[in-house]
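Chains, contacts and geometry: an overview
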Amino acid sequence: MQRAGRHGRQPPEGGPMENGVGQEPGTPEPAGPAAPRAPRARPRLVFHTQLAHGSPTGRIEGFTNVKELYAKIAEVFDISPTEILFCTLNTHKVDMQKLLGGQIGLEDFIFAHVRGETKEVEVTKTEDALGLTITDNGAGYAFIKRIKEGSIINRLQTVCVGDSIEAINDHTIVGCRHYEVARMLRELPRAQPFTLRLVQPKKAFDMIGQRTRTGKSPGEGRVASGKETLRLRTQGPPVLEEGPSPSEEEAARRVDDLLESYMGIRDSDL
C-alpha cells in the first residue's frame, strides 16, 4: 500500500496535471510552504448623505464606526461632528423608525440631523415614570425616541421626539449612554421640580409644526432594495452581512419592547 505524500495522495500515472506541469509517478512533491494567496480585495463602499434640513448631496466612505461616520459627514458639509445629533435612513424627517443604528443597508441614503434651538423646560415628577423612551447616537448624545401618550412629558408640548437631552438640573449629560440618562431620571425624587435642557434638531420648512412624527408614511423608506448591510462595531472593522430574517426582526422587536417597558430605553444593539 503506497503512503500519501505530505500534501495528499500522489496522482496516478497519466493522471491530471498540477499547475500545468506533469509529475512522474512516485516523484516526491517539493517541500516548503505553499505560496500565500493574494488577499481578497475589500469592496469600496460609498454612501450618499444630506443634512436633514436641506443641503446638497455628499458622498462618504472609509468609516468603521458611528463616530467616524459622523466625522466623514461633518467633513463633507464643513461642520463640527458635535453638531450632529443623530442620523436617519432614507428619510429627512424625525422618524424614529428609521434611525441609523449599528448597521446600514448598502443602498441606504443617510440624512444627518444637526443641532437647532436650545430650550429649557421645568418638569414636576408626579409619577415614577415620565413616559420617555431614550436612546443615544453612539457618539455622546442621548435623545428622546418616544413619548408615551397621557404621560407627564406628553402634557408638555415643548418637549418633542428627537430632542437631545443636554443637561438635567444644569448637570451636563453629554457623553452619557442612554441607560445612564434613564437611570438619572428614574432616581429623581417625586414632587420636586427639575429642569431639562433640550436641543431640538434643525428643521426644514416642511417639518415646522410637527411635534412627533414616528409613523411610517406610504412609500417612504423604499430606497433600499438589497438585503446586504454594513454592520458598524465599536471595536474592529465593519463587516458585510446578510440582513436579519423576519423571525429575527420580530424577536429583536419583542426584546426592545421589554426594555422599553421596564427601563425606558430602546437599543437595537443590545
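Structure shown above.
The following refers to the structure shown. Since the structure is predicted, the reported quantities are computational estimates derived from the model, not experimental observations.

Observations concerning the overall build of the protein chain
Counting secondary structure elements, the protein chain contains three helices and 12 strands. For the protein chain, the residues scored as buried account for 37% of the 270 residues in total. Partitioning the intrachain contacts of the protein chain with sequence separation of at least 6 by distance along the chain shows that 62% fall at a separation of at least 24. Carbon and sulfur atoms form 51% of the exposed surface of the protein chain, whose accessible area is close to 16,500 Å².

Some remarks on the pattern of salt bridges
The tally for this structure, following the rule as stated, stands at six salt bridges. We note a salt bridge from K119 to D163, for which the minimum N-O separation is 2.9 Å. In this pair, K119 is assigned in strand β5 (residues 109-124) and D163 in the loop between β7 (142-147) and β8 (164-168), connecting sequence segments 44 residues apart. A residue is classified by how much of its surface remains accessible, and D163, at 0% relative accessible area, is buried. In this structure, D128 and R190 form a salt bridge, with 3.5 Å as the shortest nitrogen-oxygen distance.

Observations regarding helix α1 (residues 66-77)
Counted at 1.5 Å a residue, the expected span for α1 with its 12 residues is 16 Å, and the 17 Å between its end C-alpha atoms agrees. Among the residues of α1, V66, L69, Y70, I73, A74 and F77 are the ones counted as buried. Each buried residue of α1 sits inside an arc of 135° when the element is viewed along its axis, so together they form one side. The exposed set on the far side of α1, more than 90 degrees from its buried face, consists of K67 and E75. One side-chain oxygen of the residue at the start of α1 lies 3.2 Å from the amide nitrogen of K67, identifying that residue as N65.

Some remarks on the environment of T91
With respect to the secondary-structure elements, T91 resides in the loop between β3 (84-89) and β4 (103-105). Since its relative accessible area comes to 4%, T91 is described here as buried. Remark: the alpha-carbon pair of T91 and F109, spanning 18 residues in sequence, is separated by 7.9 Å.

Here is what the cut-offs are and how they apply
- Residues numbered from 1 in each chain as written.
- Predicted model: local features only at pLDDT ≥ 70, side-chain atom pairs only at ≥ 80, totals over all residues.
- Heavy atoms only, no water.
- Helix = DSSP H or I, 4+ residues; strand = E, 2+ residues; numbered from the N terminus.
- Buried < 20%, exposed > 50% of the residue type's maximum accessible area, 1.4 Å probe, protein only.
- Contact = heavy atoms within 4.5 Å.
- Areas by Shrake-Rupley, 256 points an atom, 1.4 Å probe, with all protein chains shown as cover.
- Salt bridge = Lys/Arg side-chain N within 4 Å of Asp/Glu carboxyl O.
- Expected span 1.5 Å × (residues − 1).
- Arc of directions from axis to C-beta.
- Polar contact = N/O pair within 3.5 Å; in protein donor to acceptor, adjacent residues only side chain to side chain.

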